[in-house]
Amino acid sequence: MMSLRMTPNPQLTEDGRLRHLLTLDGLPARILHQILDTAESFINADTGEVKKVPLLRGVAIFNIFFENSTRTRTTFEIAAKRLSADVVNLNIGTSSQSKGETLLDTVDNLAAMQANMFVVRHSAAGAAHLIARHVAPHIRVVNAGDGRAAHPTQGLLDMYTLRHFKGPIHNLRVAIVGDVLHSRVARSQIHALTTLGCPEVRVVAPRTLLPRDMQSMGVHVYERLEEGIRGVDAVLMLRLQNERMQGARLPSAGEYYKRWGLTPEKLKYARPDAIVLHPGPMNRGVEIDSEVADGKQAVILPQVTYGIAVRMAVMSLLAGGQT
Amino acid sequence: MMSLRMTPNPQLTEDGRLRHLLTLDGLPARILHQILDTAESFINADTGEVKKVPLLRGVAIFNIFFENSTRTRTTFEIAAKRLSADVVNLNIGTSSQSKGETLLDTVDNLAAMQANMFVVRHSAAGAAHLIARHVAPHIRVVNAGDGRAAHPTQGLLDMYTLRHFKGPIHNLRVAIVGDVLHSRVARSQIHALTTLGCPEVRVVAPRTLLPRDMQSMGVHVYERLEEGIRGVDAVLMLRLQNERMQGARLPSAGEYYKRWGLTPEKLKYARPDAIVLHPGPMNRGVEIDSEVADGKQAVILPQVTYGIAVRMAVMSLLAGGQT
Amino acid sequence: MMSLRMTPNPQLTEDGRLRHLLTLDGLPARILHQILDTAESFINADTGEVKKVPLLRGVAIFNIFFENSTRTRTTFEIAAKRLSADVVNLNIGTSSQSKGETLLDTVDNLAAMQANMFVVRHSAAGAAHLIARHVAPHIRVVNAGDGRAAHPTQGLLDMYTLRHFKGPIHNLRVAIVGDVLHSRVARSQIHALTTLGCPEVRVVAPRTLLPRDMQSMGVHVYERLEEGIRGVDAVLMLRLQNERMQGARLPSAGEYYKRWGLTPEKLKYARPDAIVLHPGPMNRGVEIDSEVADGKQAVILPQVTYGIAVRMAVMSLLAGGQT
């Protein structure tokens, strides 16, 4: 983890508007609602399609991905183009970084190419914060995932999906299930749910995939899936981060599926009208059964569509809030 | 090869218009002529240049390449941009697929990003069919090459080139020369030539590079090059797919050149005004001699230009035929 | 190095206008001034920002990079887009070249896709010349770096930076410091400085990193840094091309820093108002100390911004000069 001193609210301008989107931790409910409402305005109420709007014409958005992710990069690219912004995509993994240049030198160079906004993915927690603190005041930064720390636009699109299908978050009981330890998605979900007044946030995970600080985050911890999702309005599945795990924290994929894989039988413990979310890509037959993934309680594909609208909302609010 | 059940005409709508372009096998002559005529309308008759037209403004075309091909991907990108479509390029080889996501989950995710059309290249035969059968009815699929099965836009651009330089296909004698066994190009060429009434389609190949089903496709098989191209109007060379061959089907590149490489001497066996095509990239000195490749009978570079127009024609017909 | 016969002025049309930009060697001062003046017209005098202009609408520019360089490729992409050109990016390292296609066949194919201009980076010296001699007369070629030979747009942006901060080149004393042997940047800088009448061009390098032809290029050679930069108006640092060096031409990075690394102490030997340039990416603590890199004499980030304007100037002059 990179060393960083946190200023009180690096994400907000002095008059309380959104300046960067780095984490949902500490972001006021007012801002979260503003993002979700703005996202809603970008979706055609009749067709469910995302609109194309000329809001960011002439704004240069640089997608700088130090960690490869075609899917997330593509959603940001599409969102930026639907706002009529100019987009430049950079896979930095293969570039200057490998030539020994520092992260901040790379960023300074891209800023000198007259970028207005950086969308940053990096394997190191705190990378987007570091960049946000470093850049000139007129430049905006969006965290598209930093290490295990945060993935705020994913957390936001999940809130959008919950609100769309189940109404206000403060009426919902929600369970997050899976590899919480390695998941920046889970962290962003918990911060958003807590801020939006969710009365009961549960975490379900094998003991070895549970971070130590969970209790202090105000969540209820369960080891058994059936118990953890009993009576909830929504099950937020996590991807089993096979490629992230070091050493043998789990018996086997088969054993994991048997105990924590979401099957139709286990889903019955949740409310009958409960919805199932997943950030993708799914490991079918590991953390989620195909019958659930393709079933009528799953809202996994709407999540993707709302992800475009939410990213448009974030970028347009940031660009509009330039001081 | 992926398992797939074929519906009678998955490529056509109920009223007989083009819905997807997956293979030239079974596509009616009427549709082939429509594509070639549309392509012709995109070429400026005076300059030979491909026009820019606003036909697909607002249409989102996703190039999803599970197999790397800068050249083919670029021609589709250029064709889509000349139609004023929005293009998103994805190299999936390095992305979600490597994270264990299924092909159809990847496609569903991209569809949820509001794609109108997929251009698909995949190393598995049947991949584009699988996707076409899976997607929502308003989404169009173009096969940009699947395994050894089909490469329909290449077959079509070859037909365009033949027609442009030599007149109607039903008057021509044509020889396809080379690594037929591994060639999706050859399969698409044979289907197109047969459908368009070519009275004599010949295949020239070493016995070890000839698939067993050749005779049943209605083609004449030759092992000696001189004999196979005697009197033909056009020689359609294939690339020697070195990287595809497993084991030792050939003595050596030098030996291949000696017997099946198209030299100026051997080309004399064809008609004096015969033309020479090649899908590229060429192995000079292996399947084709540089003197032929650069000679006045070669129409290899016009093929590339016509390829843009043909791909524009396919995409505009698909987009216009939305039901 | 590729074999090539040089025609007298392959870069100029018969009436003396810029046809290709391949090297600054032999390019008349008149052309250099024209490029710098055009670049200046693209920069907003009040804000220092690069303008967006519709000069190259409908012009198709292909960035073909046989050698990976996200940074340089991005600056050309941005410059082309600010001229309203259509840009196609191709990383050829992973494509047809690996399938055995020749360089010129690749270029012919791309030209058949109706490219108007190629921006070429290649690891082989002379690659851009070879392409320029080969393509049809209406196609323009810009060398974006060929082997150790030339990097003309980098040389030009350095001249722009010198002129902007220090006035006319013919009044300046300039030192180029570092790995001259492996540096195409140094070669282009020397040619530009000499042509523009710089009265004193110095080169400072360890003996093992100095090419043998240095004296004949009209430069003064120094081995000690303090001596080499004494009294100069500008220090042009070079990147230590670690990845290019074969064998042990240097004792160690630490030893290099001690003797040739530009520290605040050593910089005092230059004029007090001397500026420091670096083409990036920087090796901090090797060829340049962080205090200098981030200090007020450094103009390293303005170089990047001017690089966009200079590349716009080159491309617009080439496109405008079509015959």
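Residues numbered from 1 in each chain as written. Chains lettered and ligands numbered in written order. Predicted model: local features only at pLDDT ≥ 70, side-chain atom pairs only at ≥ 80, totals over all residues.

### Details of the overall build of chain A
A count of helices and strands for chain A gives 11 helices and nine strands. For chain A, whose C-alpha radius of gyration is 19 Å, the value lies close to the compact-globule estimate of 20 Å for 323 residues. Dimensions of chain A, computed from the C-alpha atoms along their principal axes, are close to 55 × 50 × 35 Å. Put simply, chain A has 323 residues, and 52% of those count as buried. A fraction of 77% describes how many contacts in chain A between residues 6 or more apart in sequence connect residues 24 or more apart. (Helix = DSSP H or I, 4+ residues; strand = E, 2+ residues; numbered from the N terminus. Rg over C-alpha atoms; globule rule 2.2 N^0.38 Å. Buried ≥ 20, exposed ≤ 12 C-beta atoms within 10 Å, placed from the backbone. Contact = placed C-beta atoms within 7 Å.)

### Points about the nonpolar core
Formed by 315 residues in total, the largest nonpolar core has its most connected members in Val177(A), Val235(A), Val177(B), Val235(B), Val177(C) and Val235(C). Not counting residues within four places of it along the chain, the set of residues in contact with Val177(A) comprises Val204(A), Leu225(A), Gly228(A), Ile229(A), Val235(A), Leu236(A), Met237(A), Leu238(A), Trp260(A) and Leu262(A). (Core = buried A, V, L, I, M, F, W, Y, C linked by C-beta atoms within 7 Å.)

### Observations regarding the interface of chain B and chain C
In many reports, interface size means the accessible area that the parts give up when they come together. Contacts between the two partners involve 19 residues from chain B, matched on the other side by 17 residues from chain C. Those elements giving two or more residues to the side of chain B that touches chain C turn out to be helix H2 (70-82) and helix H11 (300-320) of chain B. For the side of chain B that touches chain C, the element with the highest residue contribution is H2(B), accounting for seven residues. Residue classes in the side of chain B that touches chain C are distributed as seven nonpolar, seven polar and five charged. (Nonpolar A, V, L, I, M, F, W, Y, C, P; charged D, E, K, R; others polar.)

### Here we look at the relation of the copies chain A and chain C
A rotation about an axis combined with a shift along that same axis relates the two copies of the chain. With an RMSD of 0.0 Å, chain A superimposes on chain C once it is rotated by 120° and translated 0.0 Å along the axis. The operation mapping one copy onto its partner corresponds to a three-fold rotation axis. When C-alpha positions in chain A are compared against the rotation axis, the closest is assigned to Asn89(A), at 6.5 Å. (Least-squares fit on C-alpha atoms with pLDDT ≥ 70 in both.)

### Description of the sheet that holds strand S6 (residues 200-204) of chain C
Residues and elements named next belong to chain C. Strand order in the open sheet formed by five strands is S7-S6-S5-S8-S9, with parallel pairing between adjacent strands. Only two strands of the sheet have a single partner each, and these edge strands are strand S7 (220-222) and strand S9 (275-277). Pairwise comparison of adjacent strand axes, ignoring direction, gives a mean angle of 20° for this sheet. Sheet topology places strand S5 (residues 173-177) next to S6; five bridges connect them, and they run parallel. (Pairing = 2+ DSSP bridges. Axes fitted to C-alpha atoms, helices over the stretch in contact; angles between N-to-C directions.)

### Quick look at the pairing of strand S5 (residues 173-177) of chain B
All names here are of chain B. Burial runs high along S5: four of the five residues are buried. In this fold, S5 hands off to helix H6 (residues 184-195), which returns the chain to strand S6 (residues 200-204); that crossover is right-handed. Relative to strand S8 (residues 234-237), S5 is paired through four bridges, and the arrangement is parallel. Each bridged residue has a counterpart across the sheet, and for Ile-176 the counterpart in S8 is Leu-236. (Right-handed = clockwise from strand over helix to strand, strands pointing away.)

### Some words on the packing of helix H5 (residues 152-166) of chain A against helix H11 (residues 300-320) of chain A
Residues and elements named next belong to chain A. H11 packs onto H5 with a crossing angle of 120° between their chain directions and a minimal axis gap of 8 Å. Crossing of H5 over H11 shows right-handed handedness. Of H11, the residues touching H5 (which contributes Thr-153, Leu-156, Leu-157, Asp-158, Tyr-160, Thr-161 and His-164) are Pro-302, Gln-303, Tyr-306, Gly-307, Val-310, Arg-311 and Val-314. Classifying every residue of the contact of H5 with H11 gives seven nonpolar, five polar and two charged. (Left-handed = near helix turned anticlockwise from the far one by under 90°.)

### Considering the domain arrangement of chain A
All names here are of chain A. Per the domain assignment, the segments making up chain A are domain 1 (29-150 + 304-320) and domain 2 (152-303). Between domain 1 and domain 2, the C-alpha centre-to-centre distance is 25 Å. Contributing elements (two or more residues each) for the side of domain 1 that touches domain 2: helix H1 (29-41), strand S4 (140-146) and H11. Take the side of domain 1 that touches domain 2: its biggest share by element is seven residues, from H11. (Domains from an automatic or database assignment.)

### As for the packing of H11(B) against helix H3 (residues 103-112) of chain C
Packing of H11(B) against H3(C) brings their axes to within 8 Å, and their N-to-C directions diverge by 40°. Between H11(B) and H3(C), the interaxial angle falls into the category oblique. Once H11(B) is placed against H3(C), the crossing between them reads as right-handed. Judged by residue contacts, Leu301(B), Val304(B) and Thr305(B) of H11(B) engage Asp108(C), Asn109(C) and Ala112(C) from H3(C). For the contact of H11(B) with H3(C), the residue count by class is three nonpolar, two polar and one charged. (Parallel < 35°, antiparallel > 145°, perpendicular 65-115°, else oblique.)

### Here we look at H11(B)
Residues and elements named next belong to chain B. Taking 1.5 Å per residue as the helical rise, H11 with its 21 residues ought to reach 30 Å, and the 30 Å between its terminal C-alpha atoms agrees with that figure. At Tyr-306, H11 shows its largest bend, some 25°. The buried fraction of H11 amounts to 16 of the 21 residues, a majority that puts the element mostly inside the structure. (Expected span 1.5 Å × (residues − 1). Bend = angle between axes of the 7 residues up to and from the residue.)

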